[in-house]
Amino acid sequence: MNIKSIYYLLTGSRSFCIYIVFTLSAIYYVSQAGLNPLQLVLVGTIMECTVLLLEIPTGLVADLWGRKKSLVLGTFIIGAAHILEGSFPSFWAIAVGAALWGVGWTFISGAEQAWIADELENKELDHVFLKGAQYSSLGSFIGILVSVLLAALLSVRIAILIAGALLIVIAIIASFAVPETKFVRATRVDTTVYQSMGRAIKGGFSQIKGNSVLIGLAAITLLIGLASEGFDRLWGAHFIEGFQLNEEQAIYWFGAFFAIAFLLNIFVLKVVEAFVKERYAQALLVLNSLLVITMLIFAFSGSFLLAVVLYWVIASLREANYPLTSVMINKRLQSEGRATALSMYGQLDALGQVAGGPLVGLIALYTSIGGGIAASSLLILPTLYFLWRMRKIAISS
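Since the structure is predicted, the reported quantities are computational estimates derived from the model, not experimental observations.

Observations regarding the overall build of the protein
Argument step 1. The number of helices and strands found in the protein is 14 helices and zero strands.
Argument step 2. Listing each helix as α and each strand as β along the protein from the N terminus yields α-α-α-α-α-α-α-α-α-α-α-α-α-α.
Argument step 3. Counting across all 397 residues of the protein, residues that qualify as buried make up 57%.
Argument step 4. Partitioning the intrachain contacts of the protein with sequence separation of at least 6 by distance along the chain shows that 87% fall at a separation of at least 24.
Argument step 5. By element, 70% of the accessible surface of the protein is carried by carbon and sulfur atoms, the whole surface being about 16,600 Å².

Considering the packing of helix 9 (residues 212-242) against helix 11 (residues 280-299)
Argument step 1. Orientation of helix 9 relative to helix 11, taken along the N-to-C sense of each, is 35°, at an axis distance of 12 Å. Like other packed secondary-structure pairs, helix 9 and helix 11 cross with a definite hand, here left-handed. Across from Ile224, Phe231, Trp235, His238 and Phe239 in helix 9, the residues of helix 11 making contact are Asn288, Met295, Phe298 and Ala299.
Argument step 2. Its residues assigned to classes, the contact of helix 9 with helix 11 comprises seven nonpolar, two polar and no charged.

Side note on helix 4 (residues 91-108)
Argument step 1. In this model, helix 4 (18 residues) spans 26 Å end to end at C-alpha, consistent with the 26 Å of a helix rising 1.5 Å per residue.
Argument step 2. Among the 18 residues of helix 4, 13 are classified as buried, and the element is accordingly described as predominantly covered.

Some details on the environment of Ala320
Argument step 1. Of note, Ala320 is situated in helix 12 (residues 304-330).
Argument step 2. Between the C-alpha atom of Ala320 and that of Val272, which follows or precedes it by 48 residues, the distance is 8.1 Å.
Argument step 3. With sequence-adjacent residues up to four places away left out, Ala320 is seen in contact with Val268, Leu269 and Leu287.

Side note on the packing of aromatic side chains
Argument step 1. Considering all chains together, one arrives at 26 aromatic pairs under this definition.
Argument step 2. With a centroid separation of 4.3 Å and an interplanar angle of 25°, the aromatic rings of Trp235 and Tyr311 are classed as stacked. Residue Trp235 is located in helix 9, and its partner Tyr311 is located in helix 12; the two are separated by 76 residues in the primary sequence.

Observations regarding the nonpolar core
Argument step 1. By size, the foremost hydrophobic cluster in this structure holds 114 residues, and its most contacted members are Leu217, Trp235, Phe239, Phe257, Phe298 and Tyr311.
Argument step 2. When residues in this core are grouped by element, the largest group, 15 residues, is from helix 1 (residues 3-32).
Argument step 3. For Trp235, the contacting residues outside a window of four places in its chain are Phe254, Phe257, Phe258, Phe298, Tyr311 and Ile373.

Notes on the layout of surface pockets
Argument step 1. Within this model, the second largest pocket holds a volume of roughly 200 Å³.
Argument step 2. Lining the second largest pocket are Met1, Ile6, Leu9, Leu10, Ser13, Val169, Ile170, Ile173, Ala174, Ala177 and Val178.
Argument step 3. When residues of the lining of the second largest pocket are traced back to their parent elements, those giving at least two are helix 1 and helix 7 (156-177).
Argument step 4. Considering every element that reaches the lining of the second largest pocket, the biggest residue donor is helix 7, with five residues.
Argument step 5. For the lining of the second largest pocket, the residue count by class is 10 nonpolar, one polar and no charged.

Overview of the packing of helix 9 against helix 14 (residues 369-390)
Argument step 1. Where helix 9 contacts helix 14, the axes come no closer than 8 Å and their chain directions differ by 160°. On the basis of the axis angle, helix 9 is roughly antiparallel to helix 14. Here helix 9 and helix 14 pass one another in a crossing that is left-handed.
Argument step 2. Looking at the contact of helix 9 with helix 14 residue by residue, the class counts come to 20 nonpolar, six polar and one charged.

Description of the pattern of salt bridges
Argument step 1. Enumeration according to the criterion identifies two salt bridges in this entry.
Argument step 2. With a closest N to O distance of 2.7 Å, Arg14 and Glu112 form a salt bridge. Taken together, the positions of Arg14 in helix 1 and Glu112 in helix 5 (residues 111-119) put the pair 98 residues apart, joining distant regions of the chain. Exposure class is identical for Arg14 and Glu112. Each is buried.

Observations regarding the environment of Met295
Argument step 1. Within the secondary structure, Met295 is located in helix 11.
Argument step 2. Once you skip the residues sitting within four places of it in the chain, Met295 turns out to touch Phe231, Ile314, Ile373, Ser376, Ser377 and Ile380.

Section: the side chain of Thr294
Argument step 1. Its place among the elements puts Thr294 in helix 11.
Argument step 2. Separated by 3.1 Å, the side chain of Thr294 and the backbone oxygen of Leu291 make a polar contact.

What about a nonpolar patch on the surface?
Argument step 1. Side chains of Leu149, Leu153, Leu154, Ile158, Ile162 and Leu166 sit close together on the surface and give an oily, nonpolar patch of about 520 Å² of accessible area.
Argument step 2. Those elements that provide at least two residues to the nonpolar patch are helix 6 (125-153) and helix 7.
Argument step 3. In this fold, Ile162 is placed in helix 7.

Definitions and limits used
- Residues numbered from 1 in each chain as written.
- Predicted model: local features only at pLDDT ≥ 70, side-chain atom pairs only at ≥ 80, totals over all residues.
- Heavy atoms only, no water.
- Helix = DSSP H or I, 4+ residues; strand = E, 2+ residues; numbered from the N terminus.
- Buried < 20%, exposed > 50% of the residue type's maximum accessible area, 1.4 Å probe, protein only.
- Contact = heavy atoms within 4.5 Å.
- Areas by Shrake-Rupley, 256 points an atom, 1.4 Å probe, with all protein chains shown as cover.
- Axes fitted to C-alpha atoms, helices over the stretch in contact; angles between N-to-C directions.
- Left-handed = near helix turned anticlockwise from the far one by under 90°.
- Nonpolar A, V, L, I, M, F, W, Y, C, P; charged D, E, K, R; others polar.
- Expected span 1.5 Å × (residues − 1).
- Phe/Tyr/Trp six-rings, centres within 6.5 Å; stacked < 30°, edge-to-face > 60°.
- Core = buried A, V, L, I, M, F, W, Y, C linked by side-chain atoms within 4.5 Å.
- 1 Å grid on protein atoms, 1.4 Å probe; cavity = no way out; pocket = protein on both sides within 12 Å on 5 of 7 lines; lining within 4 Å.
- Points joined across faces, edges and corners; volume = space filled by probe spheres on them.
- Parallel < 35°, antiparallel > 145°, perpendicular 65-115°, else oblique.
- Salt bridge = Lys/Arg side-chain N within 4 Å of Asp/Glu carboxyl O.
- Polar contact = N/O pair within 3.5 Å; in protein donor to acceptor, adjacent residues only side chain to side chain.
- Patch = residues over 30% accessible without salt bridge, like charges linked within 9 Å, V, L, I, M, F, W, Y side chains within 5 Å.

This is the structure in structure tokens:
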């Protein structure tokens, strides 16, 4: 199996397991664990605070001791987190599980991109990242279908436990099957680990600071983070409360929401791969302009069918952001310190989500759920300025 196939299989299988949980987690938190709205928000805040605090340290693990070790460890921890939250349907177990999930994700974030970029020596990254996103979407789609099946035949709780166990199995297999041959350690033998860590952080920061496009992408990452957490926590409530879906209806409708969204994601990414070529800033400008408009309409839609269609459009537009920005960032980073620099972007995203989630939540609390979603859409608006300035810059520059 070649390196690209291993990358596609790894990302697709992990997405399969994670989306078994994601499809059912909101229902599990409310119906079985009995979390109130404040606790639901706190779960997300705990996760993002963990990501914010640990993105740089775990990025250093990847740069100092290997990207493979980092992504294997991260996958194992995420599996353990899902087993914990599925074993004990209580706020504290779910909160600890959320913290562990954040820890696990920071080990994967940056490390996986850096690993495949190193192994391919920066060749065909645009194709590989877009293709990887397609396989991830396919794995997620199958995971959504399986989650509904498991929940119907067994229970929501057992489905979460099964997904956690599968992630641990994937981590064990990856520890043997994933090769790492092009890793350049971000250290020298005549320095201490702490000096190496300091150099890696300084090197990652200097790469970003010295490039106007990377600075603009850092600002965009922060702004998208500000907008994303509020929408992620409120869109389900918009359907459940706004259109009075009961628990049984929610299981099947949420399965349909995620399933159709990921089919559309695959289609949108195919279109992007075929027609965008190197005009990624222009594509992001168009996609995010459409995202602002569709989120605003979704926020105040009184029609269930219109809201469903708009959700699918929003999900597809948001999914396309990640691989496009990843290509633009990775093309401008050097191998040494790459994972640390990428982790800095992950930290900016987490900072945005930690700040934006409570802000949007307060707006929703004192206005309406639709008002909170509208606020999330407005937080995306400044990204259009940065993308407008980048629109003439080619990806290879």
